[in-house]
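Structure at a glance
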Amino acid sequence: MSRAGTASDAYAPGDTVALFIPCFIDVLFPSVGKAVVSIFERLGVNLDYPAEQTCCGQPALNGGHRKEALELAARFGDIFEEYKWIVVPSGSCGAMTKRFYSTLDPGGKAAAVGTRVFDLATFLVDVLGTVDVGARFPHSVTMLDGCHGRRELGCTAAARRLLQAVGDIDYRELPAIEECCGFGGLFSVKFEALSTSMGSAKCANATATGAEYLVSGDSSCLMHVGGMLEHRGSNLKTLHLAEVLASR
Amino acid sequence: MTIHFDRRQVHDDLHSPSAPPILDSSMRRAVEHKHAAQTLIAWDELRERAHEIKAYSIEHLDELLVRFEREFIARGGRVLWTQTADEAASRFLDICRAHGARSVVKGKSMVSEELELNARLTAAGIDPVETDLGEYIVQLAGERPSHIIAPAIHMSRQDVGSLFERKLKVDYTDDPEALSEIARLRLRQRYLDAGVGMTGANFGIAETGTVVVVENEGNGGLSAQAPPVQIVVMGIEKVIPTLDDLIVFLQLLARSGTGQKMSTYVHHFLGPVDGRAMYCIFVDAGRTDLLADPVARESLYCIRCGACLNVCPIYRRVGGGAYGWVYPGPIGSVITPSMVGVEDAGELPFASTLCGACAAECPVKIDLPHLLVHERSRSVDEGAASSPLENAAVSSWARAMSSSRGYSFAVLAARVGGAVSSMLPWISPAARAWSKERSMPKVASMTFKDWWRER
Ligand code: SF4
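The following paragraphs examine the structure supplied in this document.

Criteria and thresholds
- Residues numbered from 1 in each chain as written.
- Chains lettered and ligands numbered in written order.
- Predicted model: local features only at pLDDT ≥ 70, side-chain atom pairs only at ≥ 80, totals over all residues.
- Heavy atoms only, no water.
- Contact = heavy atoms within 4.5 Å.
- Buried area = accessible area lost by both parts, 1.4 Å probe.
- Salt bridge = Lys/Arg side-chain N within 4 Å of Asp/Glu carboxyl O.
- Polar contact = N/O pair within 3.5 Å; in protein donor to acceptor, adjacent residues only side chain to side chain.
- Helix = DSSP H or I, 4+ residues; strand = E, 2+ residues; numbered from the N terminus.
- Pairing = 2+ DSSP bridges.
- Axes fitted to C-alpha atoms, helices over the stretch in contact; angles between N-to-C directions.
- Phe/Tyr/Trp six-rings, centres within 6.5 Å; stacked < 30°, edge-to-face > 60°.
- Buried < 20%, exposed > 50% of the residue type's maximum accessible area, 1.4 Å probe, protein only.
- Lys NZ or Arg CZ within 6 Å of the ring centre and 35° of its normal.
- Core = buried A, V, L, I, M, F, W, Y, C linked by side-chain atoms within 4.5 Å.
- Patch = residues over 30% accessible without salt bridge, like charges linked within 9 Å, V, L, I, M, F, W, Y side chains within 5 Å.
- Areas by Shrake-Rupley, 256 points an atom, 1.4 Å probe, with all protein chains shown as cover.

Before going further, it helps to examine the interface of chain B and chain A. Contacts between the two partners involve 67 residues from chain B and, on the opposite side, 68 residues from chain A. In this assembly, chain B packs against chain A so that about 6000 Å² is buried in total across both faces, 64% of it on carbon and sulfur atoms. Per-residue buried area on chain B facing chain A is highest for Trp426(B), Arg438(B) and Phe448(B); these three make up 13% of the total on that side. Applying the counting criterion to the chain B and chain A interface returns eight salt bridges. Put simply, Glu41(A) and Arg455(B) hold a salt bridge, and the shortest N to O gap is 2.8 Å. Counting the contacts that link chain B with chain A gives 27 residue pairs in polar contact (both at pLDDT 80 or more). Those elements that provide at least two residues to the side of chain B that touches chain A are helix H14 (313–318), helix H16 (357–361), helix H17 (368–381), helix H18 (388–401), helix H19 (404–417), helix H20 (431–435) and helix H21 (448–454) of chain B. Per-element accounting of the side of chain B that touches chain A gives the leading share, seven residues, to H18(B).

Here the focus is the sheet that holds strand S7 (residues 229–235) of chain B. Pairing between sheet strands relies on hydrogen bonds along the backbone, with the strands arranged either parallel or antiparallel. Residue and element names in this part refer to chain B. Here six strands make up an open sheet; going across it, the order is S1-S10-S7-S4-S2-S3 and the pairing parallel. The sheet terminates laterally at strand S1 (78–82) and strand S3 (127–130), the two strands that pair on one side only. Neighbour-to-neighbour, the strand axes of this sheet turn through a mean angle of 20°, independent of strand direction. Against the sheet, helix H9 (residues 176–193) touches strand S2 (103–106) and S3, its axis set at about 130° to S3.

A few words now on the packing of aromatic side chains. Geometrically, a pair of aromatic rings is defined through the distance of the ring centres and the angle of the planes. This model, assessed by the stated rule, comprises 28 aromatic pairs over all chains. With 5.9 Å between their ring centres and 75° between their planes, Phe40(A) and Phe123(A) make a pair best called edge-to-face. You can see Phe40(A) sitting in helix H2 (residues 30–42) and its partner Phe123(A) sitting in helix H7 (residues 120–127), a full 83 residues away along the chain. On the basis of relative accessibility, which here comes to 0%, the residue Phe40(A) falls in the buried class. We classify Phe123(A) as buried; its relative accessible area is 0%. Three or more aromatic residues joined by ring pairs form one cluster here, namely Tyr11(A), Phe40(A), Trp85(A), Phe118(A) and Phe123(A). Arg304(B) extends its terminal NZ or CZ atom over the ring of Tyr327(B), reaching a point 4.6 Å from the ring centre.

By size, the foremost hydrophobic cluster in this structure holds 202 residues, and its most contacted members are Leu19(A), Phe40(A), Phe92(B), Phe203(B) and Met423(B). With seven residues, the single largest contributor to this core is helix H4 (residues 85–98) of chain B. Aside from chain neighbours lying at most four places away, what touches Leu19(A) is Val36(A), Val37(A), Phe40(A), Leu47(A), Asp48(A), Tyr49(A), Pro50(A), Gln53(A), Phe80(A), Val87(A), Phe448(B) and Trp452(B).

Time to look at unusual backbone geometry. When glycine is set aside, most residues are seen to have a negative phi, and most peptide bonds are trans. Residues and elements named next belong to chain A. Phi is positive for Asp168, close to 65°, though the residue is something other than glycine. Structurally, Asp168 can be placed in the loop between helix H9 (156–164) and strand S6 (170–172). Asp168 gets classed as exposed once you look at its relative accessible area, which sits at 52%. In this structure, Ala176 is a non-glycine residue whose phi angle is positive, near 50°.

As a further point, take the side chain of Ser57(B). Relative to the elements of secondary structure, Ser57(B) occurs in helix H2 (residues 43–59). Not counting residues within four places of it along the chain, the set of residues in contact with Ser57(B) comprises Leu64(B), Val239(B), Ile240(B) and Pro241(B).

What the rule picks out here adds up to 37 salt bridges over all chains. Notably, a salt bridge pairs Asp170(A) with Arg172(A), separated by 2.7 Å at the nearest N-O pair. A relative accessible area of 27% places Arg172(A) in the partly exposed class. When the shortest N-O distance is used, the salt bridge between Arg49(B) and Glu52(B) registers 3.6 Å. On the criterion of helical spacing, the pair formed by Arg49(B) and Glu52(B) is a turn pair, its members being three residues apart in helix H2. Bridged by salt links that share partners, the residues Glu114(B), Glu237(B), Arg287(B) and Arg304(B) form one connected network.

The next subject is a nonpolar patch on the surface. A contiguous nonpolar surface patch, about 350 Å² in accessible area, is contributed by Phe409(B), Leu412(B) and Val416(B). Mapping Val416(B) onto the fold places it in helix H19.

Coordinates in, geometry out; function isn't part of it.
Rendered as structure tokens:
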């Protein structure tokens, strides 16, 4: 296992990938983590899952609790330090580690380790060079693009290419795809009316596509928009990108 | 003064995207124009260049301001340095009194809003008149500008028609041209009567001591030059090194602000002419506090184009009035804490999802979401935004997340008590706020961690 390694190195067959499965995915959406495992097994990628991992600290940082965020970032840095490749099925937690750690603690260990974190779509498309992961999903889907994935990590194009390459899929572009769904963690409860106003627009745009599934690389946005859809008794179901890519 | 972010202004009709309020549709139009205009030039390179020039200018602010002052004085102008908004307003009044001015015509200026100049002038028996059409409307209505470049964006033309009918005693019309004509006729004599004309400054050019004012209506030029005395009120962050640098910003500013390729007027004021007097009041008012903070400093690069407001999903829903002070939108939430005090800025930095739409549009590439996160930390550090209860909840959650045992315990609590909040700390104080329009996420029967271990 390589100790050094930077984000710009090329992936060599046999390199181990460390899975970073965010805390809320671990507990609320474990099927997302399992789907990631099955995709990588299909592609023959060696996996490791550092069992000590918990939370990257994003809820603390977003709430302004810098001290707690620093502690959790440092812990993340220690746990993942030995890995060259770290993959996370969440644009939001990916942005925290890859982009916000360097603002939080410039030059710190966590910031350095954070540069080696990749969201799932970017890793598959840009690092492995794989667009067709051998999935089949005979349904209509539209994509909810998480803002952190889109703007902090730039993974929208990769996610779209992956979805469009899935066998028998009917991909429909979401109108106003670039607009935020209104989740924002703490924001969703602190500014509840604004959050659900934004969520309503997203629900309406997604429903207008007539798709069966709303797919995203971010379970956190799906938790909010999916929660709204369920509350309204909508037929539109939500799925994580990994779950679609794992289907055959 | 504590600023309350007024979330009540979220209109109910926003729940129906088919009927967007005025603000939302105006903003969408502005963004479309901007995107169309920016395809005509090397947008990304220009932004990069603008960011570099501003970075240099802010790092060398002391030298550049002194250079500007020297050149400006050499051209016959006078410079006044002020530390607070209050002091700047007082110096402004002193100049008006010294010249016996009874009225002041004002070009559009956000800094003058910081100074509460209209109120200060009125209290001193001097009559201020806003000459930018939007500002004129807002002044008549007794309101504050709700957008930094489109002050009356929150009003429909029908609103303006009724306002004019009521305040100016004219027949009702909602025809924009007719409304502009009414304002134009009213303002004409005011320019001639005014003892002092005031403008802001979009840029101060250090090498030449030039004050650059960008505008579209011609009112800025008239305000500056029709009266015998011109006073420029300028935030100290406005100075850039050279005229070559200016060209970079002019291309970006017009496109970002209004979607124009170039503004209608770009005035270069080079000191007083024809026996007139010209003053420049430098305003600090919190800017050196921003300068002293290595992270927040980047907010001084702002050229006040308004693009970050136009794309902001929060601004589009609540409008500028909800932000409670002079500068709304993402940039407002970043600079207000340093200008009015972290405590008084209240929860402004929290009124964002950190979606980053603002940063993607900003012509000088200010990393607004990262600056908002920084302001949130300052706010919590100073005890301004979080309750002791929240602090305790976050620190015990963080302690749980700091060890495998603590984590297992939090998972257990979530499973047994159904209390998702042990995992997602922000849900806890406000589970009702979450559940009002959304179903609660459910704890799975087996975590990924356990599945991995057992597989
Ligand atoms: S922060 Fe950027 S986008 Fe916003 S007003 Fe300033 S220059 Fe324009």
